[in-house]
Amino acid sequence: MIITRTPFRISFAGGGSDLPAFYRREQGAVLSTSIDKYMYIVIHPLFNGNNVLLKYSQTEMVNQLSDIAHPIFREALSMYNLTGVDINSIADIPAGTGMGSSSSFTVGLLNAIRAYLGKYTSAEKLASLACHIELERVGSPIGKQDQYAAAYGGLNFITFNQDESVKVEKVIMSPQIRSQLDENLILIYIGGKHTANDILKSQSSAISNEEKFNMQKRMVKLAYSLRETLQDNNLDDFGSILNEGWLLKRSLVKGISNNDIDDIYKKGIEAGALGGKLLGAGGAGFILFYCPKDRQDSFRKKMKDFTETPFSFEYQGSQVIYVGEKFY
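So, here is what we can say about the structure in this document. Fair warning: this is a prediction, and the values are worked out from it, not measured in the lab.

## Focus: the nonpolar core
So, step 1. The biggest cluster of nonpolar side chains holds 97 residues, and the ones touching the most others in it are F12 and L77.
So, step 2. Those residues within four positions of L77 in sequence are excluded, and the remaining contacts are V52, L54, L65, I68, L82, V85, I87 and I113.

## A short note on the environment of G239
So, step 1. Summarising the element assignment, G239 is placed in helix α9 (residues 238-250).
So, step 2. Residues G239 and D146 lie 93 residues apart in sequence; the distance between their C-alpha atoms is 22 Å.
So, step 3. With sequence-adjacent residues up to four places away left out, G239 is seen in contact with L274, G275, G276 and Y290.

## Remarks on helix α10 (residues 259-270)
So, step 1. Compared with the 16 Å implied by 1.5 Å per residue over 12 residues, the 16 Å span of α10 between its first and last C-alpha is a close match.
So, step 2. Those residues of α10 that sit buried are I261, I264, Y265 and G268. Projected onto a plane normal to the axis of α10, the buried residues spread over an arc of 100° and lie on a single side. Among the exposed residues of α10, those pointing more than 90 degrees away from its buried face are N259, D263, K266 and E270.
So, step 3. Packing partners of the buried residues in α10 comprise β8 (185-191), α9, β9 (275-278), β10 (285-290) and α11 (296-302).
So, step 4. With a side-chain oxygen lying 3.1 Å from the backbone nitrogen of D260, the N-terminal cap of α10 falls on N258.
So, step 5. Downstream of α10 by a residue or two, G272 has a phi angle that is positive, lying close to 130°.

## A word on unusual backbone geometry
So, step 1. Backbone geometry at E164 places phi at a positive 80°, although glycine is not the residue there.
So, step 2. Considering the arrangement of structural elements, one finds E164 in the loop between β6 (155-160) and β7 (166-170).
So, step 3. With phi around 55°, N233 is a residue other than glycine that occupies positive phi space.
So, step 4. Within the fold, N233 resides in the loop between α8 (210-231) and α9.
So, step 5. N233 gets classed as partly exposed once you look at its relative accessible area, which sits at 33%.

## A look at the layout of surface pockets
So, step 1. Space inside the second largest pocket adds up to approximately 200 Å³.
So, step 2. Forming the walls of the second largest pocket are 14 residues, and the residues nearest its centre are N111, Y120, T121, S318 and V320.
So, step 3. Of the residues belonging to the lining of the second largest pocket, the class tally is 8 nonpolar, 5 polar and 1 charged.

## Considering a nonpolar patch on the surface
So, step 1. Together, M1, I321 and Y322 make up a nonpolar patch on the protein surface, roughly 260 Å² of accessible area in all.
So, step 2. Among the secondary structure elements, Y322 is positioned in strand β13 (residues 319-323).
So, step 3. A residue is classified by how much of its surface remains accessible, and Y322, at 41% relative accessible area, is partly exposed.

## Quick word on the sheet that holds β8
Sheet strands line up and pair through hydrogen bonds in the backbone, either parallel or antiparallel.
So, step 1. With respect to topology, 4 strands assemble into an open sheet ordered β9-β10-β8-β11, the strand pairing being antiparallel. Unpaired on one side and paired on the other, β9 and β11 (307-308) mark the two borders of the sheet.
So, step 2. As paired strands, β8 and β11 are joined by 2 bridges and run antiparallel to one another. Considered in β11, the bridge of Y189 is made with T307.
So, step 3. The strands touched by α9 are β8, β9 and β10; relative to β9, the strand with the most contacts, the crossing angle is about 35°.
So, step 4. Running over the sheet, α10 touches β8, β9 and β10 and is turned about 25° from β10.

## Observations regarding the packing of aromatic side chains
So, step 1. Within this structure, the stated rule accounts for 12 aromatic pairs.
So, step 2. Ring centres of W246 and Y265 lie 6.2 Å apart, and the angle between their planes is 45°; on these two criteria the pair is classed as tilted. Here W246, found in helix α9, pairs with Y265, found in helix α10; they are 19 residues apart in sequence, far enough to count as distant.
So, step 3. On the accessibility criterion, W246 (2% relative accessible area) is buried.
So, step 4. What makes Y265 buried here is its relative accessible area of 8%.

## Considering helix α6 (residues 175-184)
So, step 1. Along α6, the residues classified as buried are I177, L181, D182 and N184.
So, step 2. On its buried side, α6 packs onto β8, α8, α9, β10, α11 and β12 (313-314).

The rules behind these values
Residues numbered from 1 in each chain as written. Predicted model: local features only at pLDDT ≥ 70, side-chain atom pairs only at ≥ 80, totals over all residues. Heavy atoms only, no water. Core = buried A, V, L, I, M, F, W, Y, C linked by side-chain atoms within 4.5 Å. Buried < 20%, exposed > 50% of the residue type's maximum accessible area, 1.4 Å probe, protein only. Contact = heavy atoms within 4.5 Å. Helix = DSSP H or I, 4+ residues; strand = E, 2+ residues; numbered from the N terminus. Expected span 1.5 Å × (residues − 1). Arc of directions from axis to C-beta. Polar contact = N/O pair within 3.5 Å; in protein donor to acceptor, adjacent residues only side chain to side chain. 1 Å grid on protein atoms, 1.4 Å probe; cavity = no way out; pocket = protein on both sides within 12 Å on 5 of 7 lines; lining within 4 Å. Points joined across faces, edges and corners; volume = space filled by probe spheres on them. Nonpolar A, V, L, I, M, F, W, Y, C, P; charged D, E, K, R; others polar. Patch = residues over 30% accessible without salt bridge, like charges linked within 9 Å, V, L, I, M, F, W, Y side chains within 5 Å. Areas by Shrake-Rupley, 256 points an atom, 1.4 Å probe, with all protein chains shown as cover. Salt bridge = Lys/Arg side-chain N within 4 Å of Asp/Glu carboxyl O. Pairing = 2+ DSSP bridges. Axes fitted to C-alpha atoms, helices over the stretch in contact; angles between N-to-C directions. Phe/Tyr/Trp six-rings, centres within 6.5 Å; stacked < 30°, edge-to-face > 60°.

What follows is the structure, given as structure tokens:
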């Protein structure tokens, strides 16, 4: 048996610039962090070595890889022509809630498969393979940030280049300020699940419009501004940058926000937060608020009708956390 653990991510600024429709015209950039919420993948030899047993939100037992309904399972296993395995996935956070769960699943699955086959895999290799599976083999209309965030882990500034290369740089800041930033972030679960593919298709199409493209460029500039303020060990502008980025993002296409989300966001700001954003493509899931510690008691009282999800920054990417004796 082999078990991998792969973190989910929170994106602070620049989201959408990792879509090919943008970075093939101009370099994209995002600033994000992995958090201590995980996707676990367990792979084990199957008693019947001719079949494949998959357990996720559904259960599949097949004797032909091409018969697998789950597209990522199908493409990842087909790429290695791997059969005779029992694979389970377990997640700390529901899918479709804006934390990059699909890509964490892909990265963790590839890490588990390659470890099962006795292959060492670097973070760069895991991320690039996950992009290949999701964007090329499955054809999902998504970007690249989630795969790299999950594979590398940590607080990163990630750039996306026209030649398809990706660069991951750690954000260097003092441990004290980083801890303060961690403490000042509050995650509110608002429920529901979004259909990220539909929203991202619309966003990619919108980028062809020059006005929307320029808005996305402004969002990239905010990612650079956020990196600069963090590396200067200054949190004064963090909330306002989040807020500006959210206002830009919600105006890109319909479906990113709605009246209910706008009302919750407004209530959070009135409760003491200095800024925030809905995570992921939009439509549902989690809202992240930046709220200084001295305002948090008041914030929590005023937002008591919503479920807070405690979290902390995480600094490891996808890891093999268990290897059974059979694989030593």
